[in-house]
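Residue strings, one per chain:
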Amino acid sequence: MPWDKKDLLGLEYLTAEEIVTILDTARAFSEISTRTIKKVPALRGKTVVNLFYEPSTRTRASFELAEMRLSADIINFNVSVSSVSKGETLLDTVRNLCAYKVDVIVIRHAMSGAPMYLARKVDCSVVNAGDGTHEHPTQALLDIYTLREKLGELRGRHVVIVGDVAHSRVARSNIWGLTKLGARVTLVGPPTLIPREIEQLGVQVTSDLDEALRDADAVNMLRIQREREKQVLFPSLREYAKLFGLGQERLKRHSRSLIVMHPGPINRGVELSGSVADGPNSVILEQVTNGLAVRMAVLFLVTGGTTLHPEHLTS
Ligand code: CP
């Protein structure tokens, strides 16, 4: 099992083999959540700090749950009532936490590159839970895990990513991961939301969603991130929904087996209609479930776990 990294910073920095190692480890851990006693000793004696400088529901909850299920000790650092409000820098905050000999810092930060910066400065492992518009590696890993559960090998499969690619760390991590595993990726959105020269990452770009969906195996509908837009980049949400949203009518025009994904939180009626989000093609809640196993795998690997022994998985 090839894994010798201290940190998980982004899928750009992993090989296809390392990505598959995380996914295979996640599959082994996924069974734990189906047990009556959902706890194993794989991280016993390790301490993890959850350091979220931006809001989160799914990522934060699943990291916390993953740490608890692996028997780690946890500090949930509350930025708003910490000395950050007195002007303490990110590096000083993290160095002080590391002085307690913690093993892992899970960080979400609005500044792209914050986890890389910290990983070079501290000895403990750093796990990127989303940095600015750069990467959200565990989200892409859970997306890819979900696709592999549904489709098997991803080589040659066609995945369409729709929407606000310009502001999306989820899109960037998915592009790195999917292309490394041999999938074909098409980006769809208004030109104002698709970065120039993104084709250099080995993806196709179009603004015609129906054309892109013609032979797609899966579609990942990105959230419109109004909080990151510095200017109005499309005329109205109504027009966006008409051109780039997925409702029943559009879904019916395409393959009955099209897999519909969304990283959450959903703007219902914008990216997806409620009936598609909750309908039979949607795997959105399976993505959430799979995120727990993926985050268990990441925590296990960055803390030095290279081989899963039966005792790691015994309650
Ligand atoms: N997908 C995702 O990162 O969701 P949260 O912001 O709720 O963690």
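Details of the structure are given in the entry above.
None of these values were measured; they are calculated from a predicted model. (Residues numbered from 1 in each chain as written. Predicted model: local features only at pLDDT ≥ 70, side-chain atom pairs only at ≥ 80, totals over all residues. Heavy atoms only, no water.)

Asks: Would you mind going over the site of the ligand in detail, with residue names and values included?
Replies: Taken together, Ser56, Thr57, Arg58, Thr59, Arg108, His136, Gln139, Pro263 and Gly264 make up the full set of residues near the ligand. The separation between an oxygen atom of the ligand and a polar side-chain atom of arginine 58 is 3.0 Å. Within the contact set of the ligand, an oxygen atom lies 2.8 Å away from a side-chain nitrogen or oxygen of histidine 136. Look at the ligand: alone it shows 260 Å² of surface, and the protein chains cover 90% of it. In terms of residue class, the shell around the ligand is built from one nonpolar, six polar and two charged. (Near = heavy atom within 4 Å. Polar contact = N/O pair within 3.5 Å; in protein donor to acceptor, adjacent residues only side chain to side chain. Areas by Shrake-Rupley, 256 points an atom, 1.4 Å probe, with all protein chains shown as cover. Nonpolar A, V, L, I, M, F, W, Y, C, P; charged D, E, K, R; others polar.)

Asks: I'd like a description of the side chain of arginine 250, backed by residues and values.
Replies: Examined against the element boundaries, arginine 250 turns out to sit in helix α9 (residues 248–252). Judged by relative accessible area, arginine 250 falls into the buried class, the value being 12%. Polar contacts involving the side chain of arginine 250 include one to the main-chain carbonyl oxygen of glycine 245, which spans 2.8 Å. Excluding anything up to four places from it in sequence, arginine 250 contacts Leu209, Asp210, Leu213, Lys242, Leu243, Phe244 and Gly245. (Helix = DSSP H or I, 4+ residues; strand = E, 2+ residues; numbered from the N terminus. Buried < 20%, exposed > 50% of the residue type's maximum accessible area, 1.4 Å probe, protein only. Contact = heavy atoms within 4.5 Å.)

Asks: Hey, could you go over the sheet that holds strand β3 (residues 104–109) for me, with residue numbers and the actual values?
Replies: One open sheet holds the four strands; their spatial order is β2-β1-β3-β4, and the pairing between them is parallel. Two strands close off the open sheet at either side, each with one partner strand: β2 (73–77) and β4 (125–131). Between one strand and the next, the sheet's axes are offset by a mean angle of 15 degrees, whatever the strand orientation. (Pairing = 2+ DSSP bridges. Axes fitted to C-alpha atoms, helices over the stretch in contact; angles between N-to-C directions.)

Asks: Report on the sheet that holds strand β5 (residues 158–162), specifying residues and quantitative values.
Replies: Spatial ordering of the open sheet is given by β7-β6-β5-β8-β9, a layout of five strands whose pairing is parallel. Taken across any chain shown, the strands that pair with only one partner, and hence form the sheet edges, are β7 (204–206) and β9 (259–261). Shown here is a sheet whose adjacent strand axes are inclined to one another by a mean of 20 degrees, direction ignored. Relative to strand β8 (residues 218–221), β5 runs parallel, the two sharing four bridges. Its bridge partner lying in β8, valine 162 is registered against methionine 221. Set on the sheet, helix α5 (residues 137–151) makes contact with β5, β8 and β9; between it and β9 the angle comes to about 165 degrees.

Asks: Explain the packing of helix α1 (residues 16–30) against helix α11 (residues 284–302) residue by residue, including any values.
Replies: At a closest axis distance of 8 Å, the pairing of α1 and α11 adopts a crossing angle of 115 degrees. Taken as a pair, α1 and α11 cross one another with a handedness that is right-handed. Where α1 approaches α11, its residues Thr21, Ile22, Thr25, Ala26, Phe29 and Ser30 are matched on the opposing element by Ala293, Val294, Met296, Ala297, Val298, Phe300 and Leu301. Among the residues forming the contact of α1 with α11, the class breakdown is ten nonpolar, three polar and no charged. (Left-handed = near helix turned anticlockwise from the far one by under 90°.)

Asks: Account for unusual backbone geometry, naming residues and giving values.
Replies: Omega for the bond connecting glycine 264 with proline 265 falls within 30 degrees of zero, at -5 degrees, which places this linkage in the cis form. By the element assignment, proline 265 lies in the loop between β9 and α10 (274–277).

Asks: Describe the environment of arginine 223, and please don't skip the residues or the numbers.
Replies: Within the fold, arginine 223 resides in the loop between β8 and α8 (237–244). Separated by 115 residues in the primary sequence, arginine 223 and arginine 108 place their C-alpha atoms 18 Å from one another. Discounting chain neighbours no more than four positions away, the residues touching arginine 223 are Asp164, His262, Pro265, Asn267 and Glu271.

Distances and angles like these do not, on their own, reveal function.
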